[in-house]
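The lines below spell out each chain.
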Amino acid sequence: MSALVKPSHKETRYDRGIRLWGAAGQRALEDAHVCLLNATAAGCEALKNLALPGIGRLTVVDDALVTRTDLGKNFFVTKDRLGQPKAPCVVENLLEMNPDHVKGGAVEAPPGTLLSDRPRFLAENGVDCVIAADLPRTELQAVAIACQLGNVHLVAIGCCGMVGHIRLQAGGEHCIIEGYPDSSVQDLRVTNPFPELKSYFDSFDLSAITDSHEHSHVPWPVLAHNATQMWQAEEGTDHLPTTYKQRRRVKELLLQQRLPKDPADGETAGETDNSQHLQPRDEENFEEAANNLNKYLPPAIPHEVQALFEHPHCDSTPPASSEFWILVHSLRAFYQEFGVLPVDDSLPDMTSTTPNYNGLREVFRNKAATDRAWVKKHAAARLSSQDRPAVAELTDPLITLCCKNARNLRVVNHKSIEEELTVTPNRELAMSLASGGQEAWWYVLMVASDRFRDETGRYAGVMESDDLADDVDGLSRHVKAVLQDNKITAEVPAKMIKEWVRAGHVEIHSIASVIGGIASQEVIKLVTRQRVPINNTLIYDGIINNTIVLSV
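1. Quick look at the sheet that holds strand E6 (residues 163-169)
Then comes step 1: Strand order in the open sheet formed by 8 strands is E3-E2-E1-E4-E5-E6-E11-E12, with mixed pairing between adjacent strands. Each end of this open sheet is capped by a strand with a single partner; those strands are strand E3 (103-107) and strand E12 (546-550). Within the sheet, the average angular offset between the axes of one strand and its neighbour, ignoring direction, is 15 degrees.
Then comes step 2: Where strand E5 (residues 153-160) and E6 come together, 7 bridges link them in antiparallel fashion. For Ala156, the partnering residue across the bridge sits in E6 and is Arg167.

Printed below as a string of structure tokens:
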């Protein structure tokens, strides 16, 4: 007997993360370098949530000193460092969260102008993602341009009182293989089986199976396929049932195949159609088939994948493009050839005997291997036509991952922050405000607040006097200007303007913690290229404890 392999210290420490994003995702995280511009409470919370799962390296850029205000809202500065540079203090305390695996450094420089003063900073330090915390829009625009030119991800965050926001700008075209959609249907080819699967389905003759245990452990795809064939024979058609009435009839035919209860076991009889019949048994595999009928009749290609097949890059792949579009082109060719996407070799759990389940799993594994070989051959030919080495780029694990997630492929193109700030009217903003609730208006106040700062040199409400009326009037004027620039006729509620001024651009730790937590999740999505990041702005309203995503 072989000895059990004990997991390494790193595998044990990062077990939860590996369960979420896998070993490949963990490696991507450990190889990533994240740079925080401005060590606010929200920015530090984001770095904390990246240090714990093992981000490779973090850098904090800030030229400020630790103040008493910092002590009240930022857990990563300490009283003994009062009056000392903030960046080294924050880095020191962050690294204590994971000293064995995370490296870090501090840069004492103005966070808003660093990338303008040192244009090569991102490239020289191998930065993969920048978190810009609470930067004025003019400085944020310069940072965004630098990140866009360097294909570096940018996550801009900020807080004002009970409101926080996150704005994403992916580094170039963000291609995702492991999309993990909220609802995904695995195509088990119930209605259009390939020859080997058809042979497996036909190997079961339900009318000849009288043993109750064997009958109740026939895999549900077999039952669903059999019921669909019965409906097609009844209707005299080879079409699939698509209407509610047709699918309901398929379900009736399915459930009619259940074995009757045995009176010898103390079961009672019932009457159906004025005839004496035994009641059907409660067979779990039939319930599974009934519950899955609507998901698999008929299978459809996700519209997001169809959009990729119609994307210009799928037809004219640039020589310098990633292997992603090569594989999408091959998957489209596969779909055009066979009318389906490659088979996923993973099989969901179901009620079945071990031999039945293993037999079905083997059928899918063999077919998946055949489909992968077809995709690999086509992709290699595509690369060869561009004089690119196929072996170096298209590894077997990559092709396996792509075929397995063929229904989950996604591409995200974030509008640049520069375009958001300079192009008016912003049609996306108008549509978002029309469909959003109270949370959407906070975005208008964010923009107006930055204009107020550009005009006065301070944010609204940041003043020694308790009389906020002038600031309310000044901010209201900028709010109206933002709405007019974007041709929006609605008005921001006056109480929201007053609340924004009353907050005085104060960062509350509870809100900063929420924003930092969400921001860290978005960073992980970007650097691992797993799951779909927000597109493109998230607003958190702590007053009503709700979030909204705006595409602005």
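Following the structure, the description resumes.
2. What about the pairing of strand E11 (residues 537-541)?
Then comes step 1: Extensive coverage of E11 is indicated by the burial of 5 of its 5 residues.
Then comes step 2: The alternating pattern of E11 places Thr537, Ile539 and Asp541 and Leu538 and Tyr540 on opposite faces, both of which are buried.
Then comes step 3: Bridge count for E6 against E11 is 5 bridges, and the pairing is antiparallel. In the strand pairing of E11, Val163 is matched with Asp541.
Then comes step 4: Summarising the sheet, E11 and E12 pair through 5 bridges and their orientation is antiparallel. Each residue of the ladder has a partner; that of Thr537, found in E12, is Leu550.
Then comes step 5: A loop of 4 residues connects E11 with E12, the two strands running antiparallel in sequence, and Asn545 in this loop sits at a positive phi of about 55 degrees.

3. Re a negative patch on the surface
Then comes step 1: A grouping of Asp466, Asp467, Asp470 and Asp473 is seen on the molecular surface, where their side chains present a negatively charged patch.
Then comes step 2: By the element assignment, Asp467 lies in the loop between helix H22 (438-456) and helix H23 (469-485).

4. Considering the pattern of salt bridges
Then comes step 1: Within the structure shown, the criterion is met by 23 salt bridges.
Then comes step 2: As a salt-bridge pair, Glu287 and Arg258 come within 3.9 Å of each other at their nearest N and O atoms. A residue pair is termed long-range when its members are at least 10 positions apart, and Glu287 in helix H13 (residues 284-296) and Arg258 in the loop between helix H12 (244-255) and strand E8 (269-272) qualify at 29 residues.
Then comes step 3: With a shortest N-O distance of 3.1 Å, Arg477 and Glu455 are connected by a salt bridge.

5. Quick notes on the packing of aromatic side chains
Then comes step 1: The final tally for this structure, using the stated rule, is 9 aromatic pairs.
Then comes step 2: Consider the rings of Tyr200 and Phe204, whose centres lie 5.3 Å apart with planes at 65 degrees: the pair is edge-to-face. Pair check on accessibility: Tyr200 and Phe204 agree, each one buried.
Then comes step 3: Considering the side-chain rings of Phe324 and Trp325, the 5.4 Å spacing of their centres and the 85 degrees angle between planes classify their relative orientation as edge-to-face. Here the two residues Phe324 and Trp325 agree in accessibility, since each one is buried.
Then comes step 4: A connected cluster of aromatic rings, assembled from ring pairs, spans Tyr200, Phe201 and Phe204.
Then comes step 5: Just above the ring of Tyr180 sits the side chain of Arg531; from NZ or CZ to the centre is 4.1 Å.

6. So, the nonpolar core
Then comes step 1: By size, the foremost hydrophobic cluster in this structure holds 46 residues, and its most contacted members are Leu47, Val60, Ile131, Val155, Ile157 and Ile166.
Then comes step 2: Element by element, the count of residues in this core is highest for helix H25 (residues 509-528), at 9 residues.
Then comes step 3: Those residues within four positions of Ile157 in sequence are excluded, and the remaining contacts are Ala42, Gly43, Ile131, Ala132, Ala133, Asp134, His165, Ile166, Ile515 and Ala519.

7. Quick look at helix H2 (residues 15-30)
Then comes step 1: Here H2 is 16 residues long, yet its end C-alpha atoms lie only 14 Å apart, well below the 22 Å a rise of 1.5 Å per residue gives.
Then comes step 2: At Gly22, H2 shows its largest kink, close to 110 degrees.
Then comes step 3: Turning to H2, its buried residues are Gly17, Trp21, Gly25, Gln26 and Leu29.
Then comes step 4: Among the structural elements, H25 are those in contact with the buried residues of H2.

About the cut-offs
- Numbering of residues starts from 1 in each chain and follows the order in which that chain's sequence is written.
- Reporting of local features is limited, given that this is a predicted model, to residues whose pLDDT is at least 70; pairs of side-chain atoms are given and counted only at 80 or more, and all residues count toward the totals for whole chains, interfaces and linings.
- No hydrogens and no water enter the side-chain calculation; it runs on all heavy atoms of the structure.
- Following DSSP output, two strands are said to pair if at least two bridges run between them.
- Strands are runs of DSSP state E lasting at least two residues, helices are runs of H or I lasting at least four, and both sets are numbered from the N terminus onward.
- Helix axes use the C-alpha atoms of the stretch in contact, all axes being lines fitted to C-alpha atoms, and the angles between their N-to-C directions lie in the range 0 to 180 degrees.
- Whether a residue is buried, partly exposed or exposed follows from its accessible area with a 1.4 Å probe, protein chains only, as a fraction of its type maximum: under 20%, in between, or over 50%, in that order.
- Only residues above 30% relative accessible area that lack a salt bridge enter a patch, with like-charged residues linked at up to 9 Å and the nonpolar side chains Val, Leu, Ile, Met, Phe, Trp and Tyr linked at up to 5 Å.
- Only the protein chains shown count as cover for residues, with accessible areas throughout obtained via the Shrake-Rupley method and a probe of 1.4 Å.
- We count a salt bridge whenever a side-chain nitrogen from Lys or Arg sits within 4 Å of a carboxyl oxygen from Asp or Glu.
- Under this rule, positive means Lys or Arg and negative means Asp or Glu; His and the chain ends count for nothing.
- One atom stands in for each charge, and that atom is NZ of Lys, CZ of Arg, CG of Asp or CD of Glu.
- Between the rings of Phe, Tyr and Trp (Trp by its six-membered ring), a pair exists once the centres lie within 6.5 Å; its type follows the angle of the planes, with under 30 degrees stacked, over 60 edge-to-face, and the other angles tilted.
- Put simply, a charge is over a ring when the Lys NZ or the Arg CZ is close to the ring centre, within 6 Å, and near the line of the ring normal, within 35 degrees.
- Buried Ala, Val, Leu, Ile, Met, Phe, Trp, Tyr and Cys residues form a nonpolar core when they are joined through side-chain atoms within 4.5 Å.
- Throughout, a residue-residue contact means that at least one pair of heavy atoms, one from each residue, lies within 4.5 Å.
- Multiplying one less than the number of residues by 1.5 Å gives the expected span of a helix.
- Think of it this way: the bend at a residue is just the angle between two axes, each fitted to seven residues, one set ending at that residue and the other starting at it.

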